[in-house]
Amino acid sequence: MIHQYGLIGEHLGYSFSKKYFKDKFQKLNLNATYDNYECTSIEAVRELLSKTDATGFNVTIPYKESIISLLDEVDAVAAEIGAVNTIKKIGDKWVGYNTDAFGFKQMIKPFFKNNHERAIIFGTGGASKAVQYVLEELGASVLFVSRNPKGEFEYAYEEVNALMLNACHILVNATPVGTAPNVNDFHDIPYGFLTADHLCVDLVYYPEETLFLNKSKTAGANTINGITMLHQQAEKSWQIWNN
């Protein structure tokens with residue numbers, strides 16, 4: 001019997017997951033496959049889930065939130081976050097989980113310090129919700145910066161100023177800005193106000209150093225890219241599928 005897994009999302013050409021799991025299956029000598037499923041609408045996702053024989057999927061942009069409506073159950077952590085990035089077929093039901101939160105926590109814990117009391121998250125999508133969940137769990141308060149700010153704690157990019165950066169010592173990019181092929185894109189913020197007290201994190205992992213991280217590092221900030229988080233969340237997905 002061949003066990004089937006895959007990744008659901010859009011623009012998956014640069015995805016890490018397919019190679020990661022294919023290498024894993026080869027090392028473990030498993031009869032399993034992992035494929036990318038480019039879905040251009042949530043209806044396409046619905047159709048895939050109704051027809052596939054797969055055991056489980058990872059879920060990425062732009063379906064981490066909208067896929068919840070297609071699932072039969074969502075575990076407690078994913079329900080609280082409001083985003084799912086891993087799903088598993090149990091009997092005839094699709095069940096959703098969030099391994100982004102686990103991956104981000106494992107990545108940031110060694111770097112989290114007492115002065116990291118406030119954070120700015122760029123983006124308000126599914127990944128940002130997992131980041132918010134972890135940072136608040138660690139005791140930090142969170143502000144969001146987005147192109148279309150709506151809530152009380154959401155700001156536009158042009159509102160990011162010295163006062164905000166002096167107060168917030170963690171910055172996390174939870175958007176696709178700066179990832180390949182658009183490697184020249186970056187958040188237009190006043191990087192000159194960053195210091196060695198700042199920790200700048202990019203969930204993007206390709207390229208290894210985005211312009212956001214490069215500009216932050218040049219200003220003196222500490223930086224981390226998203227590859228560790230990706231490894232951690234992938235392994236957590238594997239545990240879920242095989243539990």
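Quick note: structure is the one above.
So, here's what we can say about the structure. As the structure is a computational prediction, the values presented were derived from the model and not from experiment.

A closer look at the overall build of the protein
Moving on, step 1. Along the backbone of the protein there are eight helices and twelve strands.
Moving on, step 2. Across its three principal axes, the protein shows a C-alpha extent of roughly 55 × 35 × 30 Å.
Moving on, step 3. For the protein, buried positions account for 47% of its 243 residues.
Moving on, step 4. When contacts within the protein are restricted to residue pairs at least 6 apart in sequence, long-range pairs at least 24 apart make up 65% of them.
Moving on, step 5. If you sum the accessible surface of the protein, you get close to 12000 Å²; carbon and sulfur atoms cover 49% of it.

Thoughts on the sheet that holds strand E1 (residues 3-9)
Moving on, step 1. Taken in spatial order, the six strands of this open sheet run E2-E1-E3-E5-E6-E4, and their pairing is mixed. Each end of this open sheet is capped by a strand with a single partner; those strands are strand E2 (32-38) and strand E4 (73-74).
Moving on, step 2. Strand direction decides the pairing type here: E4 and strand E6 (residues 93-97), joined by two bridges, are parallel. Across the sheet, glutamate 73 pairs through a bridge with valine 95, a residue of E6.

Comments concerning the packing of helix H1 (residues 17-27) against helix H8 (residues 227-241)
Moving on, step 1. Running from N to C, H1 and H8 point in directions that differ by 55°, and their axes come no closer than 11 Å. It follows that H1 is oblique to H8 by the angle criterion. Two packed elements cross with a definite hand, and for H1 against H8 that hand is right-handed. On H8, the residues touching Tyr20, Phe21, Lys24 and Phe25 of H1 are His231, Ala234, Glu235, Trp238 and Trp241.
Moving on, step 2. In the contact of H1 with H8, the residues fall into six nonpolar, one polar and two charged.

Some words on the environment of isoleucine 2
Moving on, step 1. Along the chain, isoleucine 2 turns up in the segment before E1.
Moving on, step 2. Along the primary structure isoleucine 2 and valine 172 are separated by 170 residues, whereas in three dimensions their C-alpha atoms are 39 Å apart.
Moving on, step 3. Filtering out sequence-adjacent residues up to four positions away, isoleucine 2 remains in contact with Asn31, Ala32 and Thr33.

Definitions and limits used
- Residues numbered from 1 in each chain as written.
- Predicted model: local features only at pLDDT ≥ 70, side-chain atom pairs only at ≥ 80, totals over all residues.
- Heavy atoms only, no water.
- Helix = DSSP H or I, 4+ residues; strand = E, 2+ residues; numbered from the N terminus.
- Buried < 20%, exposed > 50% of the residue type's maximum accessible area, 1.4 Å probe, protein only.
- Contact = heavy atoms within 4.5 Å.
- Areas by Shrake-Rupley, 256 points an atom, 1.4 Å probe, with all protein chains shown as cover.
- Pairing = 2+ DSSP bridges.
- Axes fitted to C-alpha atoms, helices over the stretch in contact; angles between N-to-C directions.
- Parallel < 35°, antiparallel > 145°, perpendicular 65-115°, else oblique.
- Left-handed = near helix turned anticlockwise from the far one by under 90°.
- Nonpolar A, V, L, I, M, F, W, Y, C, P; charged D, E, K, R; others polar.

Read these as layout, nothing more, since geometry by itself doesn't imply function.
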